[in-house]
Amino acid sequence: QVQLVELGGGLVQAGGSLRLSCAASVNIFMFSAMGWYRQAPGKQPERITFVTSSGTTNYVDSVKGRFTISRDPAKNTVYLQMNSLNPEDTAVYFCYADRTSKTYWGQGTQVTVSP
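This report concerns the structure included in the present document. Throughout this document, residue positions are counted from 1 along each chain, in the order its sequence is written. Side-chain atom pairs in this predicted model are given and counted only at pLDDT of 80 or more, local residue features only at pLDDT of at least 70, and totals for whole chains, interfaces and linings cover all residues. Heavy atoms throughout the structure, all of them, feed into the side-chain values; hydrogens and water do not.

## Examining the pairing of strand β4 (residues 33-39)
β4 sits mainly inside the fold: 5 of its 7 residues count as buried. By definition, two strands form a pair when at least two bridges between them are found by DSSP. Secondary structure counts use DSSP, requiring at least four H or I residues in a row for a helix and at least two E residues in a row for a strand, with both numbered from the N terminus. Across 7 bridges, β4 lies against strand β9 (residues 91-99) in antiparallel orientation. Pairing of Gly35 across the sheet is with Tyr96, part of β9. The buried label applies to any residue whose accessible area, calculated with a 1.4 Å probe on protein chains only, is under 20% of its type's maximum; exposed applies above 50%, and partly exposed to all values in between.

This is the structure in structure tokens:
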């Protein structure tokens with residue numbers, strides 16, 4: 001049974017930083033990719049970043065230069081370091097992992113950025 005457990009959301013002032021973590025119950029190299037989506041109120045979900053099993057990363061333009069995805073295979077964990085946060089980053093953030101034809105999801109964590 002694959003489980004993804006997220007930690008690290010919260011309330012931060014604009015310009016601040018947060019780090020999210022996503023711990024998998026299995027070896028993360030079993031997944032072809034892991035990453036993060038976010039969904040802001042009234043908006044469609046948006047994939048903001050992912051890392052492939054080979055280590056290739058990708059970012060949506062709105063977070064490039066501010067967010068960094070990384071992983072610790074020893075802990076089966078992927079991280080999302082978010083710097084220079086602004087109110088437009090307020091959303092529920094979801095970790096995901098792809099394996100063959102199935103996608104697994106974390107429970108989501110709220111990130112709120114105050115002006």
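Let us keep going from here.
## Brief notes about the nonpolar core
The set of buried Ala, Val, Leu, Ile, Met, Phe, Trp, Tyr and Cys residues whose side-chain atoms join them within 4.5 Å is what this entry labels a nonpolar core. By size, the foremost hydrophobic cluster in this structure holds 30 residues, and its most contacted members are Phe31, Met34, Trp36, Met82 and Tyr93. When residues of this core are traced back to their parent elements, those giving at least two are β3 (18-24), β4, β5 (46-52), β7 (67-72), β8 (77-82), β9 and β11 (109-114).

## Observations regarding the state of the cysteines
Sulfur atoms of two cysteines make up a disulfide when they are within 2.5 Å. Considering all chains together, one arrives at 1 disulfide under this definition. Covalently, Cys22 is tied to Cys95 through a disulfide, its sulfur atoms 1.9 Å apart. Disulfide Cys22-Cys95: the torsion about the S-S bond is -70°, which places it as left-handed. On the criterion of sequence distance, the pair formed by Cys22 in strand β3 and Cys95 in strand β9 is long-range, its members being 73 residues apart.

## Side note on the pattern of salt bridges
When a carboxyl oxygen of Asp or Glu lies within 4 Å of a side-chain nitrogen of Lys or Arg, that pair is called a salt bridge. In total, this model carries 4 salt bridges according to the counting rule given. Arg38 is paired through a salt bridge with Glu46; the nearest N and O atoms lie 3.0 Å apart. Look at Arg38 and you get buried, because its relative accessible area is 8%. Residue Glu46 is classed as partly exposed on the basis of its relative accessible area of 28%. For Asp61, the salt bridge is made with Lys64, and the minimal N-O distance between the two is 3.1 Å. With relative accessibility at 60%, the residue Asp61 sits in the exposed group. Each of Arg38, Glu46, Arg66 and Asp89 takes part in salt bridges that share partners, so that together they form one network.

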